[in-house]
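Listed below, chain by chain, are the residues.
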Amino acid sequence: METTKKKWPFGFYVCSLSFTFERLAYYAAKWALAIFIAADVANGGLGLDKSVGAAMSSNLVAFTYITPIIGGYIADRWISPRILVPVGEILMGLSYLIAWKANGVGMLWAMIILLSIGRGCFKGNVSGINGRLFPLADADTLDSVFSIQYSFVNIGSFCGTTFLSLLAESALGYRGLFLVCGIFLFIDCAWWLFGMR
């Protein structure tokens, strides 16, 4: 019996791994933000009220889920998604670096705004590009493509909330965690630019 092996284009792996790095950083930073705000200064935090941490964390989630709609609209009308994705990665990386150096709520708002804009440029556009890599694919193939892509997403989410969180608690501290998240996004941008040439 003859078996056929599917051959995926290299761009598929670029898109999928880009999601892994982005999700790893996002979920680690989302977890750390509220704790970082409320933790005592002696423990590496800002020492602010817990309600401030909860509100900032809620704003982060809300804004980062709204902005991909705007990013998709911009990609459909004016700027290529292949340009918007690395711009988004750079903005997200910068947002984590701002959190790394944050000394008050103002810098954290700057982090949330940059991260939200970056995610707006990134999130929907990567999936759109991935789908366009398979113009002649049937429904079953596209189901496989996006199932695998979201397996990469889930791996990044799991590693961010588990391994990076453990490192933040033990060795890195919250600021170190934000720095590592920023570095991952710049690596992600380099991977994207190299892979999509």
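Above this note sits the structure.
Below you will find a few notes about this structure. Model, not experiment: these values are computed from the prediction.

### Section: the pattern of salt bridges
Tallied over the full model, the rule gives two salt bridges. Of the charged contacts, one joins E22 and R23 as a salt bridge, the two residues approaching to 2.8 Å between their closest N and O atoms. For E22, a relative accessible area of 1% gives the class buried. Residues R119 and E22 are paired through a salt bridge, measuring 3.3 Å at the closest nitrogen-oxygen approach. Of this pair, R119 sits in helix α4 (residues 105-132) while E22 sits in helix α1 (residues 10-38), and the two are 97 residues apart along the sequence. There is no split in this pair, since R119 and E22 are both buried. One network of salt bridges, in which partners are shared, links E22, R23 and R119.

### Re a nonpolar patch on the surface
Residues F63, I66, I69, I70, V105, W109, I113 and I117 make up a contiguous nonpolar surface patch of roughly 710 Å² in combined accessible area. If you trace the backbone, F63 turns up in helix α2 (residues 50-77).

### Quick look at the side chain of N130
Mapped onto the fold, N130 is located in helix α4. Since its relative accessible area comes to 0%, N130 is described here as buried. At 2.6 Å, the side chain of N130 forms a polar contact with the side chain of Q149. Residues contacting N130, with those up to four places away along its chain left out, are F12, C15, S16, V145, F146 and Q149.

Criteria and thresholds
- Residues numbered from 1 in each chain as written.
- Predicted model: local features only at pLDDT ≥ 70, side-chain atom pairs only at ≥ 80, totals over all residues.
- Heavy atoms only, no water.
- Salt bridge = Lys/Arg side-chain N within 4 Å of Asp/Glu carboxyl O.
- Buried < 20%, exposed > 50% of the residue type's maximum accessible area, 1.4 Å probe, protein only.
- Helix = DSSP H or I, 4+ residues; strand = E, 2+ residues; numbered from the N terminus.
- Patch = residues over 30% accessible without salt bridge, like charges linked within 9 Å, V, L, I, M, F, W, Y side chains within 5 Å.
- Areas by Shrake-Rupley, 256 points an atom, 1.4 Å probe, with all protein chains shown as cover.
- Polar contact = N/O pair within 3.5 Å; in protein donor to acceptor, adjacent residues only side chain to side chain.
- Contact = heavy atoms within 4.5 Å.

From the geometry alone we can't say anything about function, so treat these as descriptive.
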